[in-house]
Amino acid sequence: FEAVPGLTWAALAGTVAASVWLYLPLAGALRGAPPAVLRVERASAAPAGARGEAAYAGAMFVVSGLAALIYQVLFSKSLALTFGSTSTATYTVLAVYMGGMALGAWLGGRLAQGRSDALKLYAWCELGIGAYCVATPLIFQGIQALYIALAGGVEPDAGMLTLLRALLGASALLVPTVLMGATLPVLARFLELRSATLGTSVALLYGANTVGAALGALLAGYWILPELGVWRTTLTAAALNLGVAWLALRLARRPLPEGQPVAPLPAAVPRVTGAEERRLGQVALVVLAVGGVVTLALEVNYIHLLAVVAGNSVYAFSLMLFAFLLGLGAGAEVARRLLRLGISLPLALAWLEFALAAVILGGVFLWDELPVYFASFEQYPLAREFAAREVVRGTVCWVAMFPPAVLIGALYPLAMECVGRAAPYAPIAALGRAAGLNTAGNIVGVLAAGFWLLPAIGALRSIQVLAVICLILGLATVAWTELKWREIAWAPAAVVGLLLVVQPRSFDYTALASGANVYFARQDYGRVIDAVESVDGGLTTVARGDPVAQGSSAPLVLLTNGKFQGSNGGEVPAQVGIGLSPLLHTPARGSALVVGYGTGMSARVIADAGFRELEIVELSADIVRLANRHFADINTRVSERRGVRTYITDGRNFLMLQPRQYDVVSMEISSIWFAGAAALYNREFYRLVKRRLAPHGVLQQWVQLHHVDATDILHVLSSVRAEFEYVWLYFIGGQGVIIATDSPEAHPSAQNAALIDATPALKGLLASIGGSARDLLQARLLDPAATDLFLGGFGMPAPFWVSTDDNLKLEYSTPKGNVLDGAASVARNIELLLRFAAIPEGARR
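Residues numbered from 1 in each chain as written. Predicted model: local features only at pLDDT ≥ 70, side-chain atom pairs only at ≥ 80, totals over all residues. Heavy atoms only, no water.

What about the nonpolar core?
Considering soluble globular proteins, one finds that nonpolar side chains tend to be buried as a cluster. Core analysis: the largest hydrophobic core is formed by 136 residues, its most contacted members being Tyr122, Leu306, Trp367, Met401 and Leu414. By residue number, the principal contributor to this core is helix H12 (residues 386-422), which donates 19 residues. Residues within four places of Leu414 in sequence aside, it is in contact with Ala335, Leu338, Leu339, Leu345, Ala348, Leu349 and Leu352. (Core = buried A, V, L, I, M, F, W, Y, C linked by side-chain atoms within 4.5 Å. Buried < 20%, exposed > 50% of the residue type's maximum accessible area, 1.4 Å probe, protein only. Helix = DSSP H or I, 4+ residues; strand = E, 2+ residues; numbered from the N terminus. Contact = heavy atoms within 4.5 Å.)

Thoughts on the sheet that holds strand S4 (residues 563-567)
One open sheet accounts for four strands, arranged S1-S2-S3-S4; its pairing is antiparallel. The strands lining the two open edges of the sheet, one partner per strand, are strand S1 (527-534) and S4. The mean inter-strand angle of the sheet, taken between neighbouring strand axes irrespective of direction, is 20°. The pairing of S1 with strand S2 (residues 538-544) spans seven bridges and is antiparallel. Across the sheet, the residue bridging to Val528 is Ala543, located in S2. Packed onto the sheet, helix H20 (residues 621-630) meets S1, S2 and strand S3 (556-560) and runs at close to 150° relative to S1. (Pairing = 2+ DSSP bridges. Axes fitted to C-alpha atoms, helices over the stretch in contact; angles between N-to-C directions.)

Considerations on the packing of aromatic side chains
Taken as a whole and assessed by the stated rule, the structure comprises 26 aromatic pairs. Judged by centre distance (5.3 Å) and plane angle (80°), the ring pair of Phe790 and Phe836 falls under edge-to-face. Taken together, the positions of Phe790 in helix H27 (residues 784-791) and Phe836 in helix H29 (residues 822-837) put the pair 46 residues apart, joining distant regions of the chain. Looking at Phe790, the relative accessible area reads 0%, which means it is buried. The exposure class assigned to Phe836 is buried, which follows from its relative accessible area of 11%. In this structure, Lys809 is placed above the aromatic ring of Phe800, and the distance from its NZ or CZ to the ring centre is 4.7 Å. (Phe/Tyr/Trp six-rings, centres within 6.5 Å; stacked < 30°, edge-to-face > 60°. Lys NZ or Arg CZ within 6 Å of the ring centre and 35° of its normal.)

Brief notes about the sheet that holds strand S12 (residues 780-782)
Read across the open sheet, the eight strands follow the order S7-S6-S5-S8-S9-S11-S10-S12; overall the sheet is mixed. Single-partner strands in this sheet number two, and they are strand S7 (644-648) and S12. For this sheet, the mean angle separating the axes of adjacent strands, direction not counted, is 20°. Inspection of the sheet shows strand S5 (residues 591-595) paired to strand S8 (residues 662-667) by four bridges, in the parallel sense. In the sheet register, Ala592 faces S8, and the bridge partner there is Val664.

Some remarks on the packing of helix H5 (residues 136-151) against helix H6 (residues 160-193)
Helix packing for two helices is described by the angle between their axes and how far apart those axes are. Where H5 meets H6, the axes come as close as 10 Å, and the angle between the chain directions of the two elements is 155°. Relative to H6, the element H5 lies roughly antiparallel. When the axes of H5 and H6 are compared, the crossing they make is right-handed. Contacts from Ile139, Phe140, Ile143, Leu146, Tyr147, Leu150 and Ala151 in H5 reach Leu161, Leu164, Arg165, Leu168, Ser171, Ala172 and Leu173 in H6. In terms of residue class, the contact of H5 with H6 is built from twelve nonpolar, one polar and one charged. (Parallel < 35°, antiparallel > 145°, perpendicular 65-115°, else oblique. Left-handed = near helix turned anticlockwise from the far one by under 90°. Nonpolar A, V, L, I, M, F, W, Y, C, P; charged D, E, K, R; others polar.)

Topic: a nonpolar patch on the surface
A cluster of nonpolar side chains, Leu103, Trp106, Leu107, Leu111 and Leu174, forms an exposed patch at the surface whose accessible area comes to about 420 Å². Looking at the nonpolar patch, the element that brings in the most residues is helix H3 (residues 87-112), giving four residues. Position of Leu174 among the secondary structure elements: in helix H6. (Patch = residues over 30% accessible without salt bridge, like charges linked within 9 Å, V, L, I, M, F, W, Y side chains within 5 Å. Areas by Shrake-Rupley, 256 points an atom, 1.4 Å probe, with all protein chains shown as cover. Salt bridge = Lys/Arg side-chain N within 4 Å of Asp/Glu carboxyl O.)

Some points on the environment of Leu339
Within the fold, Leu339 resides in helix H9 (residues 314-341). Classification of Leu339 by relative accessible area gives buried; the value is 7%. Linking Leu339 and Glu417, residues 78 residues apart in sequence, is a C-alpha distance of 8.9 Å.

In short, the description is geometric, and any link to function would need to be established separately.
Right under this line is the structure:
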């Protein structure tokens, strides 16, 4: 216990306690006993085993939620390869996804109301989801072909593409999402026939579904997708749907006995009548609609902040989603127990809104401290393993997201109970309308937070605005409903008001963007002097080194989510050398494409080399803006030069939509383990680059050799080699550089080096690497023959190591390399590579 700081153990204990408390009611499904809230006195004609039907329905919904979350992950990954990995594209797809869910909830409520065969209808929904999703690979291929046909030649960052993505995404996702959305009201109708009230039905089903989704987030991220890949994971999720449908059809064979009475509400629940009942239902609809906005807007902001302080890998995002969904499920269990106690519904809604506002505002003071918490593990041996670090990372996600999610999860069933009481003769149809309204609010929340609040006022102000909205909802609930103890009901609002008064004006961006979560150690980049937030760029900062320790020449450092991207100090020679490396292979100076702006050095080197046309593609407008503002001394604002075109879009999407060919494609993006970056190291991407290169064209791509093991290097080089005939690996300034081409003439030569040396605009840059490009010829680690020898030197054929869009090898393997010591991993990798480079030419053959 002394090996890990106390917060970790406290949070882990809380997680276990909350999870046990949440899962115990569902465990009855395995024993055939329904949760207590659904246990009612039945007529003597009740069939054997009928007491367990509700619990089995909940268990089925756990599995359904697990499959649904897996589909959401798969859909996002597949459509990102078509529409781009920008957050703009991602949130557009998410909005479309939720739009289908909203439509499905509304239709499901209308279809299920009054039906006695709700379970059969539910089974058909599950069958439809599974059958459709098996066909999604072909469907997504068709969507991609249509997208290219319609968008080909259009400016790749044109606004109309967002609308096109939404329409095509809707056409691909409408069927499964409508069916998914319909399942809640349909199963609620099944429970209504078993004498459950609307609130308790929603609490059970919503809790079960979100618990299943939480498990799906964890299992998909850490086991299913890394082990099975995209296609086999799709089949697995479809099999879960088909299994649930089979169980539902079996359960549907048990008829509801004729004349079975519907159990009344628990005696402890106070009944309201007439106008009060209708008013409470109206208030609940407002809470659901506006609360839906708050829920997804809060999730967008929290994921944005956790990507900065907790991590930006695919595993980190799985943990964020798991913590949030587990909290929603726990909140549903809270609501179920509150309904058993017969609590006043207006008071419960108001106090939960006040509590949510207080938790959001109180959590603001936590964010600046979390990087310090990660840095505190620097001296703990236990935190030098990947699994231990993920536990710590998961703890941070839990502490940040679980408390507000519990409150949000509790509000939903309680509001639905109010809706049901306001529509006693058609509660299921009312549920469908209310669920659709809540999901429509979710859509507004995603779009408002991603495209307006976050870039306009930043995460801190966005979170504070959302807390104020919760406060207003609580006040409105107290004001618009009948409460006996109105004076007491107002009291928690005073606490929220006090928290608003003491709110900070700004985050401490120096602490927030320290990057301590990357290597679990303090990273001293200096004081942040400029910061910009957006959904695509995350938190982009510029830090200045300590002027006392480093003098007036203290370097500036560019960071994305706390991860180093470049500097105007000691990294400049490496950046110059990387930019010059492809020119060793070609004398052509026609057209060039630079993917990844960074500090702008690579683009400047290419431009100064004399290329007639230069295009720059960068995922984040924030990087271009801050690089030009603070690093003009080294990039000369190259993106603003006449004849240079800059596009803010995804590099893979750009190459897919544009028909142009290039003499040089230069890539210097972020680390491979960054979520979305690995797609630019998969075989399908290299095939795309190959189509965009001129016959003599050359690809240059930065590849990290630090914090990776030999397997990752094998994955990268095998993926490149699967598409290109000739592959070189250089080691320049401590960094790896891949050069790939299909042209037998595009080999490094002294003539090409002399051409570089003779270019007037490059004279100043050459001084930083020793004065001559010829020196770079000595930085070669592997030539094509040595590369092939390396790829075949580990007992498996080279194709075995290839990373693809289906197996996702690099996306799930490279984050694990961050536990390695940087210097030691580079030394080991270089030593290994040199063994193959040193083999004599004759022995290679």
